[in-house]
Amino acid sequence: MMEYDEDVIRRLKRMEGQVRGVLRMMEEGKGCKDVITQLSAVRSAADKAMAYIVATNLEHCILEQQEQGQDSGKLVKEAVELLLKSR
């Protein structure tokens, strides 16, 4: 089971606040440009959080496989595919 560290949890809580801010902007009738700018920031934060999670998990899995004397090439390929799918 994967354990998520406080950094990624903080990132997601910040994104949660950003999404609430976007909803508030929409309820207040703010302009399209402002809403899109904030949504773009949320998307960027989500991309960074996903990359962080994949990288952290990959590092953990590679170390495990190296300890067991296994090749970690397949893990790297899977991680790259996961990141590409998320785009």
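Residues numbered from 1 in each chain as written. Predicted model: local features only at pLDDT ≥ 70, side-chain atom pairs only at ≥ 80, totals over all residues. Heavy atoms only, no water.

(A) Up close: helix H1 (residues 6-27). Counted at 1.5 Å a residue, the expected span for H1 with its 22 residues is 32 Å, and the 31 Å between its end C-alpha atoms agrees. Buried within H1 are the following residues: Val8, Met15, Gly21, Val22 and Met25. Down the axis of H1, the sector holding all buried residues measures 130°, keeping them to one side. For H1, exposure combined with an orientation more than 90 degrees from the buried face picks out Glu6, Lys13, Arg20 and Glu27. (Helix = DSSP H or I, 4+ residues; strand = E, 2+ residues; numbered from the N terminus. Expected span 1.5 Å × (residues − 1). Buried < 20%, exposed > 50% of the residue type's maximum accessible area, 1.4 Å probe, protein only. Arc of directions from axis to C-beta.)

(B) Geometry of a nonpolar patch on the surface. Taken together, Val19, Leu23 and Met26 make up a surface patch of nonpolar side chains, about 270 Å² in accessible area. Turning to its location among the elements, methionine 26 is positioned in helix H1. (Patch = residues over 30% accessible without salt bridge, like charges linked within 9 Å, V, L, I, M, F, W, Y side chains within 5 Å. Areas by Shrake-Rupley, 256 points an atom, 1.4 Å probe, with all protein chains shown as cover. Salt bridge = Lys/Arg side-chain N within 4 Å of Asp/Glu carboxyl O.)

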